Amino acid sequence: MSSVKVNGKYIWGDIAESEIVRQYDRKGREVTCIQINDMYRSLYNVNAGQVPDLRVTLKLLQDMPMRADDILICAYVKAGTHWMWEIVNMLLKGSAEYDKTVKEENMLDFHFPSEFDDLKSPRVFNSHFTWRHLPREVHEKKCKIIFLQRNPKDTAVSYFHHMKNIGIYGIEGDCGDFIDLFMKGKGPGYKCWFDYTLEWQQFKEDTAHQVPILSLMYEDLKRDPVSQIQKVAEFLKVPVDTQLIAAIAEKCEFKNMQKAGHDKNEVHQSISNYHMFYRKGQIGDWKNWFTVTQSEEFDELMKQRMGKCKTKFVYE
Ligand code: A3P
């Protein structure tokens, strides 16, 4: 099996029928995915060439050489990774200026590990993978991990709009149809949210004091950016003063980042509508999309699936 990059597009090796999982939304529409390990990728997305063949890169990633000062931002899809990416880069540079690059350039999920060899230190990676897919050396070198979480109802709604607006996932249904798939854990990208969240919790418990992890919540960042940015600065051990923190908080306010996203439209090779990553930036938008019944079903599912989850999610 091989995987190559041609004219900026990743070409996957042959996919056997046995690797294909046919999933159906509540209206019976098929969402065709390939299952790779514990994740699903829609074939539509595979054919768009945005990501390399994960059957190849997941193995390569295990052996990726890490540097002790590498930093990883880990989060489920739509938990605010772009936001954290700008904050971390500003802190490292000591200046409230948007990074010239886009976070997708440093996304472990979207590249061959060798594509990162020439990046200057400290490298700031990001990923939607669980810990089991991260390079082994993350543990050995004790690389710092910032783990960001967001309430799952807003995550699901944001994820639907991402897929619809970015247009490379072949999503035909409406938001309600997608929420239904999300609850079944069968969204067409990555892994079931419930499994992802529990796995990370397990990792944090198992590796306490071995790997430095800072856990943050989207909702805290939204409500009190200054204190949360301060926490990130302390975790990364970067010198800051109150003026810099305030300037970063302001530059990273939703409206400002949305505008900056427009400016980045030219930078990203495969996504020309980059500003779409900044949609609404609110806590509680889920109320506009979940029906009362769906919300109750979701709450019930949370009780069933997430009894062991220690994170308290904030929904409004
Ligand atoms: P919405 O779709 O709810 O607006 P990710 O960066 O992981 O793809 O997450 C994207 C989500 O984070 C989107 O949520 C986006 O609007 C929100 N977001 C991005 N920057 C933000 C900011 N500065 N403040 C608040 N939310 C932000």
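See the structure printed just above.
In short, a report on the structure. Please read all numbers here as calculations on a predicted model, not as lab measurements.

This part takes up the overall build of the protein. Helix and strand counts for the protein come out as 12 helices and 10 strands. For the protein, the spread of C-alpha atoms along the principal axes amounts to about 55 × 45 × 40 Å. Residues classed as buried in the protein amount to 56% of the 316 residues present. A sequence separation of at least 24 residues applies to 72% of the contacts in the protein between residues at least 6 apart. Taking the 44 positively charged and 45 negatively charged side chains of the protein as two groups, their mean positions are separated by 1 Å.

Bringing the site of the ligand into the picture now. Around the ligand, the structure places 18 residues, and the nearest of them are His 82, Ser 158, Tyr 218, Lys 280 and Gly 281. In the model, an oxygen atom of the ligand is placed 3.1 Å from a nitrogen or oxygen of the Gly 80 main chain. At 2.7 Å, a side-chain N or O of Tyr 218 approaches a nitrogen atom of the ligand. For the ligand, the accessible surface in isolation is 560 Å², of which the surrounding protein chains cover 98%.

Turning our attention to the sheet that holds strand S7 (residues 124–127). Here we have four strands laid out as an open sheet, ordered S7-S6-S8-S10, and parallel in their pairing. Two strands close off the open sheet at either side, each with one partner strand: S7 and strand S10 (213–217). Direction aside, neighbouring strands of the sheet carry axes that sit 20° apart on average. Taken together, the five bridges between strand S8 (residues 144–149) and S10 define a ladder with parallel strand orientation. Residue pairing for S10: Phe 147 is matched across the bridge by Ser 215. Relative to the sheet, helix H9 (residues 225–236) contacts strand S6 (71–75), S8 and S10, its axis offset from that of S10 by approximately 170°.

It is worth spelling out the environment of Thr 155 at this point. Structurally, the position occupied by Thr 155 is in helix H5 (residues 152–166). Here Thr 155 falls in the buried class, since its relative accessible area comes to 1%. Between the alpha carbons of Thr 155 and Gly 189 there is a distance of 13 Å; along the sequence they are 34 residues apart. Apart from the residues within four sequence positions on either side, Thr 155 is in contact with Tyr 76, Val 77, Lys 78, Arg 150, Phe 182 and Trp 193.

This part covers the nonpolar core. Leu 72 and Ile 145 are the most contacted members of the largest nonpolar core, which has 57 residues in total. When near neighbours in sequence (up to four residues on either side) are disregarded, Ile 145 contacts Leu 72, Cys 74, Leu 134, Val 138, Trp 200, Phe 203, Val 211, Pro 212, Ile 213, Leu 214 and Phe 235. In terms of nonpolar packing, the next biggest core, distinct from the first, is built from 37 residues, Ile 73, Tyr 218, Tyr 274 and Phe 277 among them.

In this section: the layout of surface pockets. Counted as a void, the largest pocket has a volume near 650 Å³. Together, 43 residues line the largest pocket, and Lys 78, Gly 80, His 82, Phe 277 and Tyr 278 are the ones closest to its centre. Elements that contribute at least two residues to the lining of the largest pocket include exactly helix H3 (81–93), H5, helix H8 (218–223), H9 and helix H11 (254–263). No other element matches the six residues that H5 contributes to the lining of the largest pocket. Grouping the amino acids of the lining of the largest pocket by side-chain chemistry returns 22 nonpolar, 11 polar and 10 charged.

Attention now goes to the sheet that holds strand S4 (residues 30–36). Across the sheet, which stays open at both edges, the four strands sit in the order S3-S4-S5-S9 with antiparallel pairing between neighbours. At either end of the open sheet lies a strand with only one pairing partner, and these are strand S3 (20–24) and strand S9 (189–190).

Quick look at H11 now. Listed as buried for H11 are Phe 254, Met 257, Gln 258, Ala 260 and Gly 261. The buried side chains of H11 occupy one side of the element, clustering within an arc of 165° when seen end-on. Pointing more than 90 degrees away from the buried face of H11 are the exposed residues Lys 255, Lys 259 and Asp 263. Looking at the buried residues of H11, the elements they touch are H3, H8 and helix H10 (242–251).

Let us look at unusual backbone geometry. The peptide bond linking Ser 121 to Pro 122 adopts the cis configuration, its omega dihedral lying at -5°. You can see Pro 122 is positioned in the loop between H3 and S7. At Asn 37, a position not held by glycine, the phi torsion is positive, near 55°. Among the structural elements, Asn 37 can be located in the loop between S4 and strand S5 (39–42).

Before going further, it helps to examine empty space enclosed by the protein. According to the stated counting rule, one finds two cavities of 30 Å³ or more in the structure shown. Taken as a whole, the largest cavity holds about 70 Å³ of empty space. Around the largest cavity, the lining residues are Tyr 76, Val 77, Ala 79, Phe 147, Leu 148, Gln 149, Arg 150, Thr 155, Trp 193, Tyr 196, Thr 197 and Phe 313. Sorting the residues of the lining of the largest cavity by element identifies S8 and helix H7 (193–206) as the ones contributing at least two each. Looking at the lining of the largest cavity, its residues break down into eight nonpolar, three polar and one charged.

Definitions and cut-offs
Residues numbered from 1 in each chain as written. Predicted model: local features only at pLDDT ≥ 70, side-chain atom pairs only at ≥ 80, totals over all residues. Heavy atoms only, no water. Helix = DSSP H or I, 4+ residues; strand = E, 2+ residues; numbered from the N terminus. Buried < 20%, exposed > 50% of the residue type's maximum accessible area, 1.4 Å probe, protein only. Contact = heavy atoms within 4.5 Å. Lys, Arg positive; Asp, Glu negative; His and termini not counted. Charge placed at Lys NZ, Arg CZ, Asp CG, Glu CD. Near = heavy atom within 4 Å. Polar contact = N/O pair within 3.5 Å; in protein donor to acceptor, adjacent residues only side chain to side chain. Areas by Shrake-Rupley, 256 points an atom, 1.4 Å probe, with all protein chains shown as cover. Pairing = 2+ DSSP bridges. Axes fitted to C-alpha atoms, helices over the stretch in contact; angles between N-to-C directions. Core = buried A, V, L, I, M, F, W, Y, C linked by side-chain atoms within 4.5 Å. 1 Å grid on protein atoms, 1.4 Å probe; cavity = no way out; pocket = protein on both sides within 12 Å on 5 of 7 lines; lining within 4 Å. Points joined across faces, edges and corners; volume = space filled by probe spheres on them. Nonpolar A, V, L, I, M, F, W, Y, C, P; charged D, E, K, R; others polar. Arc of directions from axis to C-beta.

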